[in-house]
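This is what each chain is made of:
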Amino acid sequence: MSAGLFDLSGELLDRTDDVIDITDGPEHVLAAVGRAFHQLLERRSLSNNSLWGIAVGLPGPVEFVTGCSVSPPDMPGWDGYPVRTYFSDLYATPVWVDNDVNLLALGELRAGLARGAENVIYVKIGTGIGAGIIAGERIHRGAQGSAGEIGHIAVPTADDTICQCGNRGCLGALASGSALARDGARAAESGESHYLASRLKENGSVSGEDVAAGAQCGDRTCLQLLQRFGHCVGDVMASLVNFFNPSLILIGTGVTGTGDLLLASVREAVYARSLPLATRNLQIRLASLGDEAGLRGGAAMVMDELFCPERLARWLPAGDPTGQPDLVAS
Ligand SMILES: [Zn+2]
């Protein structure tokens, strides 16, 4: 979890990072986020009610209008939890809650590699996989806020792997940090990969990072696992490219060491399966800002929302938007 404090020029004044487990449930996790906020405010001698706005990014589907997370598959206890109210009660300021991949995409659009691009897909690969869509330089959230949930799109070349949603061949079940760790563990147990077998013996488990490190050392099985991972992502992206025609796809991977190999396999699959017109000016690159993109995207979202003409007219007479959490209503 990362928390950042920004001024109105969009400068990141301070940030703090902590390790949290999202499966601990909202009370536990949001209390940790609150402690991070407290730390940031205290270091600048700022009071709780001095914030002009707060953005929160969650790793799952969020109903943007209500600021609640909705049936996140791997986040027990979060369904319908009023994340917005939790923070607007504490800080008496407008709070916007969004899917974290949307914030990553917005951050890259304003301050990273996507600057100047109008149509962009940002793919976040972490424990799971998800996408943020920029259409016409704006986040495309869809009717309910679930646009970009690519983890449950069926991969054309999938095997029979069953996803936690109950369907077969979902992208998230084949290509995600946890899928890579699972496949790596299998290759270690079967002895197919000596590299991974030795990792398993040493650490008692195999991670996605181990597979990436094995691939970099030239272990054939690790290379194949990573290639297959990239091809699954690329197969799905190819369909999205034909459908949406973006000029840029950014891959943000939280699985250390997977970057360049993954990128090469994704490119291979996308170019093999997309229409020439759709790929003529298409760039596929690794995201440039890392997790700072999420913080920058959050700041950009708060400023976009506060300074849109309708909302500005509502808070300007008071001088600033503090003390007006109801401003989020459109
Ligand atoms: Zn699924």
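What you are looking at is a predicted structure, and each value in this text was computed from that prediction instead of being measured. (Residues numbered from 1 in each chain as written. Predicted model: local features only at pLDDT ≥ 70, side-chain atom pairs only at ≥ 80, totals over all residues. Heavy atoms only, no water.)

**So, the confidence of the model for the protein**
- Within the protein, residue pLDDT values average 94, and 100% of them lie at 70 or more.
- Confidence, read as mean pLDDT per element, is least for helix H10 (residues 276–279) in the protein (88) and greatest for strand S1 (residues 2–6) (98). (pLDDT = per-residue confidence, 0-100. Helix = DSSP H or I, 4+ residues; strand = E, 2+ residues; numbered from the N terminus.)

**Here we look at the sheet that holds strand S9 (residues 138–139)**
- Pairing is mixed across the open sheet formed by five strands, whose spatial order is S9-S8-S7-S10-S11. Sheet topology places S9 and strand S11 (283–286) at the edges, where each strand pairs with a single neighbour.
- Taken together, the two bridges between strand S8 (residues 129–135) and S9 define a ladder with antiparallel strand orientation. Within the sheet, the bridge partner assigned to alanine 135 lies in S9 and is arginine 138.
- Where helix H3 (residues 100–111) meets the sheet, it contacts strand S7 (120–125), S8, S9 and strand S10 (248–253), and its direction lies at approximately 45° from that of S8.
- The strands touched by helix H8 (residues 220–244) are S7, S8 and S10; relative to S7, the strand with the most contacts, the crossing angle is about 160°. (Pairing = 2+ DSSP bridges. Contact = heavy atoms within 4.5 Å. Axes fitted to C-alpha atoms, helices over the stretch in contact; angles between N-to-C directions.)

**Points about the coordination of the zinc ion**
- For the zinc ion, the protein coordination sphere consists of His152 (ND1), Cys163 (SG), Cys165 (SG) and Cys170 (SG), at 2.0 to 2.3 Å.
- Between consecutive donors of the zinc ion, the numbers of intervening residues give the motif H-x10-C-x1-C-x4-C.
- Assessed through its relative accessible area of 8%, cysteine 163 is described here as buried.
- For cysteine 165, a relative accessible area of 38% puts it in the partly exposed group. (Donors = N, O, S within 2.8 Å, 3.2 Å for Na, K, Ca; no water. Buried < 20%, exposed > 50% of the residue type's maximum accessible area, 1.4 Å probe, protein only.)

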